[in-house]
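Examining the three-dimensional arrangement
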Amino acid sequence: MTDRYAVFGNPISHSKSPRIHAEFARQTGQDLGYEAIEAPLDDFRASVLRFREAGGRGANVTVPFKEQAFLLATQRSERADAAGAVNTLKFEDGEILGDNTDGAGLVNDLVANLKFDPAGRRILLLGAGGAARGVGLPLMERQPAELFVANRTAYKARELSARFDCYGGGFEALEGRQFDLVINATAASLAGDLPPMPDDIFAPGALAYDMMYGRDTPFLAFARERGVRTADGLGMLVEQAAEAFYVWRGVRPQTAPVIAMLREAR
Ligand code: NDP
């Protein structure tokens, strides 16, 4: 029988996850179906439980339900606990296992696709929302020389950095500093805004990474104008999906052909 999986979000019609997982299933010969389900804003929990009741084996969770998924899980991975958010659920033996694959997705994209090893590098993480929370621990595990979290609301950056055992503060704390990797995990790109960074924030040979995908952003343009290498979040999207696929099926799909397919489809 075909195993059922789904992604829950609101809105969800834009999601590329069904396409990504259909491709992973085809590639690995796994017999599974994957659908997008728009859960009502006040009915996430019941929607997921209904899906499980109907035979669902697992689910991805996206905006705005990752914190609710964290609460719904009856068991959680260390990386989900560190993030305080869950993007992957697995239904097994009456339990709801909660995991967070966003950070692994980012690190795999950096290391495998972009050939950027965070070890010994100075990393700046812009933002302290859901996306930033998911990537702190996996980045720290790569032993960078430094991870600094900067956020518009400074106390949130300080809270998050205490959680990751690194440094953090407001954007003004960036004055006079340089980084080898700058990750934009703010929602500024969504609104066409640029997070306020000093002009000389990029060290020579730096990489500028915007988690946003699907369009050019002021952050990527800012980096390009300074001759800096750039990457968008499409690789992270596919890599976090591959990690979820592995959590569910114990098989690792190839990501490069799927990233290429999505880039071509744009
Ligand atoms: P949240 O709403 O949880 O967090 C938003 C963050 O952005 C906060 O830190 C907020 O600061 C900051 N922010 C918002 N507007 C501005 C602005 N104009 N200038 C500076 N900072 C701003 O969003 P998420 O963390 O869920 O998502 C952030 C981004 O990451 C989105 O673009 C999303 O698409 C992307 N993403 C990509 C993924 C991928 O797989 N590629 C996965 C997950 C997310 P403050 O605290 O001061 O309000």
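Look a little higher up for the structure.
Conventions used here
- Residues numbered from 1 in each chain as written.
- Predicted model: local features only at pLDDT ≥ 70, side-chain atom pairs only at ≥ 80, totals over all residues.
- Heavy atoms only, no water.
- Helix = DSSP H or I, 4+ residues; strand = E, 2+ residues; numbered from the N terminus.
- Rg over C-alpha atoms; globule rule 2.2 N^0.38 Å.
- Buried < 20%, exposed > 50% of the residue type's maximum accessible area, 1.4 Å probe, protein only.
- Contact = heavy atoms within 4.5 Å.
- Areas by Shrake-Rupley, 256 points an atom, 1.4 Å probe, with all protein chains shown as cover.
- Lys, Arg positive; Asp, Glu negative; His and termini not counted.
- Charge placed at Lys NZ, Arg CZ, Asp CG, Glu CD.
- Pairing = 2+ DSSP bridges.
- Axes fitted to C-alpha atoms, helices over the stretch in contact; angles between N-to-C directions.
- Left-handed = near helix turned anticlockwise from the far one by under 90°.
- Nonpolar A, V, L, I, M, F, W, Y, C, P; charged D, E, K, R; others polar.
- Near = heavy atom within 4 Å.
- Polar contact = N/O pair within 3.5 Å; in protein donor to acceptor, adjacent residues only side chain to side chain.

Within the protein chain, the secondary structure is distributed over 10 helices and 12 strands. What you see for the protein chain is a C-alpha radius of gyration of 18 Å, in line with the 18 Å of a compact globule of 266 residues. Projected onto its principal axes, the C-alpha positions of the protein chain cover 60 × 40 × 30 Å. When the 266 residues of the protein chain are sorted by exposure, 53% land in the buried category. By sequence separation, contacts in the protein chain at least 24 residues apart represent 65% of the contacts at least 6 residues apart. Just so you have it, the protein chain exposes about 11900 Å², and 48% of that area is on carbon and sulfur atoms. Considering the protein chain, the positive charge centre built from 30 side chains and the negative charge centre built from 35 side chains are found 2 Å apart.

What follows concerns the sheet that holds strand S12 (residues 229-231). Across the sheet, 6 strands lie side by side as S9-S8-S7-S10-S11-S12; this open sheet has parallel pairing. The two strands at the open ends of the sheet, each matched to only one other strand, are strand S9 (167-169) and S12. On average, adjacent strands in this sheet sit at an angle of 20° to one another, irrespective of strand direction. Taken together, the 3 bridges between strand S11 (residues 202-210) and S12 define a ladder with parallel strand orientation. Within the sheet, the bridge partner assigned to Tyr209 lies in S12 and is Ala231. Relative to S9, helix H7 (residues 154-164) is tilted by about 170°, and along the sheet it contacts strand S8 (146-150) and S9.

Axis separation between helix H6 (residues 130-141) and H7 bottoms out at 10 Å; the angle between their running directions is 35°. Classified by chirality, the crossing of H7 by H6 is right-handed. Residues Ala132, Arg133, Gly136, Leu137 and Met140 of H6 lie in contact with H7, whose contacting residues are Leu160, Arg163 and Phe164. Tallied by class, residues from the contact of H6 with H7 come to 5 nonpolar, 1 polar and 2 charged.

By nearness alone, 21 residues border the ligand, and Ala128, Ala131, Asn151, Thr153 and Ala187 come closest of all. Within the side chain of Asp193, a nitrogen or oxygen atom sits 3.4 Å from a nitrogen atom of the ligand. Within the complex, 78% of the 930 Å² of free accessible area of the ligand lies under protein. Contributing elements (two or more residues each) for the shell around the ligand: H6 and helix H9 (234-249). Residues of the shell around the ligand, tallied by class, amount to 11 nonpolar, 7 polar and 3 charged.

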